[in-house]
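# Coordinate inspection notes
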Amino acid sequence: MDYSGRVNSKKGAGGIASTEESNIYTKKRVQELLATHILDLDNDPYVFRNHLGILECKLCLTTHNNESSYISHLGGRKHHLNLERRRILDEKQNLQLKYQQKIENQISISNVEKRNWNKIGKPIDYKIIKIRDPKTLQIGFLISCKFPKIIIDEPFFTIMSFYELTSKNQNLCIKEITKLKKSENNEEHVEGAEDEVEEDEDDEEYEPTKFQYLIISAEPYDNIAIIIPNKNEIDKPQDENKMSDTYWWYWDKDTKEFYLQFLYKN
Ligand SMILES: [Zn+2]
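Attention in this report is confined to the structure presented alongside it. Since the structure is predicted, the reported quantities are computational estimates derived from the model, not experimental observations.

Rules used throughout
Residues numbered from 1 in each chain as written. Predicted model: local features only at pLDDT ≥ 70, side-chain atom pairs only at ≥ 80, totals over all residues. Helix = DSSP H or I, 4+ residues; strand = E, 2+ residues; numbered from the N terminus. Buried ≥ 20, exposed ≤ 12 C-beta atoms within 10 Å, placed from the backbone. Contact = placed C-beta atoms within 7 Å. Pairing = 2+ DSSP bridges. Axes fitted to C-alpha atoms, helices over the stretch in contact; angles between N-to-C directions.

### Thoughts on the overall build of the protein chain
- Each helix and strand counted, the protein chain has five helices and 10 strands in total.
- Across the 266 residues that make up the protein chain, the buried fraction comes to 8%.
- A sequence separation of at least 24 residues applies to 56% of the contacts in the protein chain between residues at least 6 apart.

### A word on the pairing of strand E9 (residues 247–252)
- Of the pairings in the sheet, the one linking E9 to strand E10 (residues 257–263) comprises six bridges and is antiparallel in character. Its bridge partner being in E10, tryptophan 249 is matched across the sheet by leucine 260.
- Connecting the antiparallel pair E9 and E10 is a turn made up of four residues, with lysine 256 showing a positive phi of about 55 degrees.

### Overview of the sheet that holds strand E8 (residues 224–229)
- Taken together, the three strands give an open sheet; going across it, the order is E6-E7-E8, and neighbouring strands pair in antiparallel fashion. In this open sheet, the two strands that pair with only one neighbour each are strand E6 (156–161) and E8. If you compare each strand with its neighbour and ignore which way they point, the axes differ by 25 degrees on average.
- Alignment of strand E7 (residues 211–217) against E8, held across six bridges, turns out to be antiparallel.

### What to know about the sheet that holds strand E4 (residues 126–132)
- Here four strands make up an open sheet; going across it, the order is E4-E5-E10-E9 and the pairing antiparallel. Either end of the sheet is taken by a strand with one partner, and the two such strands are E4 and E9. Taken over all neighbouring pairs, the strand axes of this sheet differ in orientation by 10 degrees on average, direction set aside.
- Both E4 and strand E5 (residues 139–146) contribute to a ladder of seven bridges, which runs antiparallel. The residue bridging lysine 130 from the neighbouring strand is phenylalanine 141, located in E5.

Have a look at this one:
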C-alpha cells in the first residue's frame, strides 16, 4: 500500500504496510474526518445509495458497503484526483459557455442589421424579346418577368458593367457567355457553314467585359442577371430613374408582371 498520497505524509516516508496497520489507519482517518464535521452525506453531490443500499461515489465509480468505507474513500488520493479533474472540467465548460453566449450575443446583434429573407429561387416566368422601333429603326429589348410571390412594393433593376459584378457573379456570367458562344458556333455547323472564323476575333466578341448585365431584384426571389449587348450606348435619359419613349419600365401590380424596355442608339 502506498502511503505517499496520505495526508501529512512526507515523500519517501511511506513503507509497506500490513493489513492491520492499514485498518488502524483507516479507522483513525474515519474518526478524524467525522470529528471535523465536514462530512455530510446528504449534501455530498457525488454520493448516492443504490437500490441495494450500497453507497456509490459517482465521481470515481466506486461502491462502498458502509458509510465508513465511503468516508475513508473521501480522504483517498483517487477521490481527490477526480475532484481536481472535475473542477478543471467545470471551469473549462464554464469558459466555453461564456464564450458561446458571447458569440450568440454577437450573432443576434448582427442579425438585427442584416436584411434577412428566405430566398425562393429564381422567377420562372420571363421573356426577353428583341425589338426594333419601326420609325427610328433602333434595336433593343423588351423584357418581362413575373414575380407572383413578391413581398416588396415593386422590383428594382440596375445595369452593371462586368467590373461591377462580384467575382462570384463574374464567374457565373463567364460560364453563360461560354455556353452562348458554343451554341452559336454549333448553329453555324448545322447550317453547313465552314467554320473558318478566326479564334482571336471570335474570343473578342464573347469577351465578358464587352457585355452589360441587367440585374433585376424582387424579394424573396433570387436576383437575376440578363446579359445584354454593349456595342452601342443605351438610349436613355441622363437622369437615373427617368423614363423616355425609348427607355421605360412598368410594374403591373395586378398581374405581378414587370416590364422593361430599352433601345440602343443607332
Ligand atoms: Zn470518489
